[in-house]
Amino acid sequence: MEYYKDKLCISGSMLIMRDGNPDGLISKSLWDKWVKSGVNVMRRACNGQSALVEFNSIPQKYRDMISAKYGEVTEQATIKPFKDKIIADSKAISFYSDYTLSDGRKLPSDTQREYSINAAVLNAIKETHTNAKEVRSKLGASLNKFWHNAVTAVNNVRAELKHSLPSTSVTLSRKYSKYLSEGYAGLISGKYCNDNSRKVNDKIENLIMSLYTMPNKPFASTVHSLYIQFLTGHIQVADRKTGELFNPLDFYENDSPIVIGETTVWNYLNQAQNRSVVDKIRMGSHRYNNVHRPHHHRHAPEFSFSKISMDDRDLPRKCNNGKWVKAYYAYDVTSGCVIGYSHSLFKNEELFLDCMRDLFRLIEREQFGMPMEVEVEHHLVNKFFDDLGVMFPFVRVCNAGNSQEKRAEHFNRAKKYGVEMKTQNGIGRWWSKHEAYTVDRDKKGDEFVEKNQLPYERLVADDVQACKDYNNQLHPKQKKYPGKTRWQVLTENMNPNSPTVSKAIVYRAIGNKTVTSIRRNHYATVLGSKYGIGSFSIMDKLTPGNYTVDAFYLPNEEGLISEVYLYQGELFLCKADKIIAYNESKAEATSIDYENYRRQSSVVSEFDAATKNSKQELAAAVIIESKILNEALETEAEIKEEVVEEPFNPDAITDQYSQENDEQEAIDNL
């Protein structure tokens, strides 16, 4: 319904029944008959506008049907022309956005919008009210019916415009009069600019905030009641930190108590700065951190292994023994990959160590470098801070209770709802508001029992598979890594500055440990296997007479140990490789046997050479009693003439030889 050229009209689109208007009252053929029979067509349908016919020219039967269906037609007809006059008031928008309350605050943004719309609606009433001709022809024959029709029009646009003007003619006319006399300020609620808001001083503000932070967490209405009781002397208020009593006279002005309303108390408690202060006491640290405390804005590193993040969680499904399975994960921040995990029924330091061990098994298997930075929590890890500082170039300890700070927390959520919920039953929370994330529980007696309870081994196997599926999902940043999975991003973007893993340091920090001893200057026995020290010179590092050492090792996925790292106290001795026995039969020996024979022979040869050289350097010592040595030194030496024998001369012997003499001597001897 609308007025057109001062006549009450109804549109053909409202009357005619068709596909888009099944609630129409007449058929198209009847409409055509009306047009031919003299119904006053005020406007023909064209250019997207519906045809209009004068309401009073329609047969009475159909006028009654329209009135029965849509109500008082003259009232309905006021709505459209009234809506056409409602135009945004830019001056009102500027006024309310710049308006400053008596306590220095600005109006809330939604309140600014509400008051600006109210002003636009009142402006439309003002324009209609001042046009006497329009009042008489469109809103009634006299001004007596004006506010009745005006409130009808105002209420009909309430849902669409979301204004807050009064809904009765009397209160609407009062609001309109106040708006005319006071302007835009006349629309501001008393709760923002009444005297109570100006009465509150620093002492009152401090008192109501102190009452609000009592351990029983009172409501704002309770704080107001306590304040009134304090003013009237019914209660005393003391500072529990100092024991000092608040003096009621400090809350008087001109010998009268400063009385404030409940709304004023609520407003001051909910000022942004005050709310942050009182909630620091009323809220737990985790909730306060997520609601009030500013957070950092950051982005992930460009390279894999620039930073890893570690965290624990309870698996979302309960074990059939009634316990929750504990898991610990290590994530690469750049790729989001799970690079280490461990499971247990107990949340303790061993759970963390097992996760670190799994991480370094992966590093050794894939020949990765050392992660540059590790991010951990204080819980479970505090006793390993010194070891982590030796292992990693950088260590970051997250603040307690700040879950949004830790990257691993976000990855845990992505894994849970990105993989686990798709592949496992019973993933969710029993308190979740969203039905899809809600887990049902059975009540047995006074206790709730979780459904989908499974054996420990099954829960662990499911989680290990979930880690693999998660790593093989597409990376969430597909614009940056198109078509790449998390694992591909991990392996293809490794930090080029990642240092080589020092196993001697890592194994001592997180590896398994056993006490053993070095035997035969060659090997130490660990779990029944022999591990050779490689060089005889290592024995010089041992404390004299002490062959006992600590062996650190890390079994691989199959539980095999290929090497151990030997320490004596804080001193690192060497890496000891597993000794492989060779086949002594030459008929059966392979190239591997010959190689193992060569290695062992080289150790024996080194030992023999070292001992032989040291032996040759030893003196041929002779023990002489000191008494005999001293007597010999004190005896005076006897000087004798030395007889010098002539040197042997073969020619002299020849010269003395005579054959005649020899013959004569032989005859004489007969």
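Residues numbered from 1 in each chain as written. Predicted model: local features only at pLDDT ≥ 70, side-chain atom pairs only at ≥ 80, totals over all residues. Heavy atoms only, no water.

Considerations on the nonpolar core
Inside soluble globular proteins, nonpolar side chains tend to come together where they are buried. In terms of nonpolar packing, the biggest core is built from 37 residues, with Met310, Ile339, Phe352, Met356, Phe360, Met391 and Phe392 touching the most fellow members. Listing elements by their share of this core, those giving two or more residues are strand S7 (308–318), strand S8 (324–332), helix H19 (349–366), strand S10 (373–376), helix H20 (385–391), helix H24 (503–510) and strand S18 (563–568). Among the elements that line this core, the one with the most residues is H19, at nine residues. When neighbours within four sequence positions are excluded, Phe352 is seen to be in contact with Met310, Tyr328, Val376, Val381, Phe384 and Leu388. (Core = buried A, V, L, I, M, F, W, Y, C linked by side-chain atoms within 4.5 Å. Buried < 20%, exposed > 50% of the residue type's maximum accessible area, 1.4 Å probe, protein only. Helix = DSSP H or I, 4+ residues; strand = E, 2+ residues; numbered from the N terminus. Contact = heavy atoms within 4.5 Å.)

A word on the sheet that holds strand S19 (residues 571–578)
Sheet architecture is closed into a barrel: six strands sit in the order S14-S15-S16-S19-S18-S17, paired in antiparallel fashion. Between one strand axis and the next, the sheet turns through 40° on average, direction left out of account. Where strand S17 (residues 548–553) lies against S18, three bridges are found, and the strand directions are antiparallel. What sits directly across from Ala551, in S18, is Leu566. (Pairing = 2+ DSSP bridges. Axes fitted to C-alpha atoms, helices over the stretch in contact; angles between N-to-C directions.)

Overview of the pattern of salt bridges
Under the criterion given, the structure shown has 27 salt bridges. Put simply, Arg317 and Asp462 hold a salt bridge, and the shortest N to O gap is 2.9 Å. Taken together, the residues span a long stretch of sequence, with Arg317 in strand S7 and Asp462 in helix H22 (residues 456–471) at a distance of 145 residues. A relative accessible area of 6% places Arg317 in the buried class. Of the charged contacts, one joins Glu595 and Arg598 as a salt bridge, the two residues approaching to 2.6 Å between their closest N and O atoms. (Salt bridge = Lys/Arg side-chain N within 4 Å of Asp/Glu carboxyl O.)

Describing the side chain of Asn118
Within the fold, Asn118 resides in helix H7 (residues 109–130). Excluding residues that lie within four positions of it along the chain, Asn118 makes contacts with His163, Ser164, Leu165 and Leu187.

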